[in-house]
Amino acid sequence: MTPDDPEEIPLLLRPGGSAPRGRLLFLAAFAASLGPLSFGFALGYSSPAIPSLRRSAPAAPRLDDSAASWFGAVVTLGAAAGGVLGGWLVDRAGRKLSLLLCTAPFVAGFALITAAQDLWMLLGGRLLTGLACGVASLVAPVYISEISYPAVRGLLGSCVQLMVVMGILLAYLAGWVLEWRWLAVLGCGPPTLMLLLMCCMPETPRFLLTRHKHQEARAAMCFLWGSDEGWEEPPVMAEHQGFQLALLRHPGVYKPFIIGISLMAFQQLSGVNAVMFYAETIFEEAKFKDSSLASVIMGAIQVLFTGVAALIMDRAGRRLLLTLSGVVMVFSTSAFGTYFKLTQSGSSNSSHADLLAPVPSEPVDTSVGLAWLAVGSMCVFIAGCPQAPWHLLARLRLLHLQCPLLLVLCPRNQRKDSGTNRSPL
């Protein structure tokens, strides 16, 4: 494929046209980002819920070690199915309707957990929320990128990952004071609010143009951007051929494909999901008195460093951040393993420490220092967890213009620059 091959670009900025300033765009982006917030809440729910279920009354479901493992992990099975379902829905039902539909399994899943009387109802609820997570994680970034104009697209796109970690932190914070049933009731809130807000939001202009609904697309653009002045539709182009397996013979396709899949695999194999799913259980196994506080501290660190990474990513570069995060995660997990070795090597070497207790200037018990070693290592690990792979994968797909995930609105000047600058990274 040559640089002169046409791209499918829905809306173009006329020469000299001013950037839009519509404020309703940010409301629409917030409504869509409630999906990633719900996603994060569902991921973090198991961390405080598992200890709460183990403390529950005999009439309520109780979890042994095996059931607790399934309760945390089954959400990933639902998310895998939801990713496939979301990929099918997003181009057939549309971006808006897909977001509306994913609220149903979110609410149904948390409602089933709230009413659970046995383990199978708990697992069924987690499976449903996982299904919704898979759909929301795919559709929400697409919706936000397609409604955004170029000046704010990067900012709003970075908010997706930030909302995920904020949802995790919300689950940790709420789990500090709520039992598992009320925590599930709280989980119904964000998707319900998303349902109400998204009913008032339009479909993306790009999707409407692919359905040849030009008037609706212009009306959506006016609603989101405040005006259609300075913008025009592109000339009629050849129909997009889509992605085919034969394209994997081209280096411009299979190299980014291998890099992207490898980055995602190594990130998942690092154990970050296990830490998020079982954070409070991990700290309890480490014999902490304040395991809820430790998980909240870890969630707050994750939110902070996700925001920092979004701010410095374009300046520092994806490769540097990925390398740095890998080094940090190696040392932090090594420190945490050392902590368990030290605390289990002798009966007198316990770490049952209160993190809120003031540390004396001359500690008489080394267990307090060991407690902070464990908390610190987990906080450093979660801070080093790379957010760059998602952004790098988005950039790698631009190396080949026929990649099926190229679903963004681009101004005309960026399209012209693509013929002279072939390095989107």
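Scroll up to find the structure this text is about.
I will try to describe carefully the structure that is included in this document. For clarity, every value in this text was computed on a predicted model and none was experimentally measured. (Residues numbered from 1 in each chain as written. Predicted model: local features only at pLDDT ≥ 70, side-chain atom pairs only at ≥ 80, totals over all residues. Heavy atoms only, no water.)

Some remarks on the packing of aromatic side chains
Scanning all chains against the criterion turns up 4 aromatic pairs. Taken together, a centroid distance of 6.2 Å and an interplanar angle of 55° make the contact between Tyr 45 and Phe 71 tilted. In this pair, Tyr 45 is assigned in helix H1 (residues 24-54) and Phe 71 in helix H2 (residues 65-92), connecting sequence segments 26 residues apart. Judged on exposure class, the residue Tyr 45 and its partner Phe 71 are both buried. A centroid spacing of 6.3 Å and a plane angle of 80° characterise the contact between Phe 277 and Tyr 278, whose relative ring orientation is edge-to-face. Clustering of aromatic rings is evident, with ring pairs tying together Phe 41, Tyr 45, Phe 71 and Phe 110. (Phe/Tyr/Trp six-rings, centres within 6.5 Å; stacked < 30°, edge-to-face > 60°. Helix = DSSP H or I, 4+ residues; strand = E, 2+ residues; numbered from the N terminus. Buried < 20%, exposed > 50% of the residue type's maximum accessible area, 1.4 Å probe, protein only.)

Here we look at helix H5 (residues 150-177)
Taking 1.5 Å of rise per residue, the 28 residues of H5 would be expected to cover 40 Å, and the 42 Å separating its terminal C-alpha atoms lies within 8% of that figure. At Val 160, H5 is bent by approximately 25°, the largest bend along its length. (Expected span 1.5 Å × (residues − 1). Bend = angle between axes of the 7 residues up to and from the residue.)

Quick word on the packing of helix H3 (residues 95-114) against helix H7 (residues 189-198)
Pairs of packed helices are described in terms of their axes, by the angle between the two and the distance that separates them. Their axes nearest at 9 Å, the elements H3 and H7 cross at an angle of 155°. In terms of axis orientation, H3 runs roughly antiparallel to H7. Of the two elements, H3 crosses H7, and the hand of that crossing is left-handed. Residue-level contacts link Lys 96, Leu 99, Leu 100, Cys 102, Thr 103, Phe 106 and Val 107 of H3 to Pro 191, Thr 192, Met 194, Leu 195 and Met 198 of H7. (Axes fitted to C-alpha atoms, helices over the stretch in contact; angles between N-to-C directions. Parallel < 35°, antiparallel > 145°, perpendicular 65-115°, else oblique. Left-handed = near helix turned anticlockwise from the far one by under 90°. Contact = heavy atoms within 4.5 Å.)

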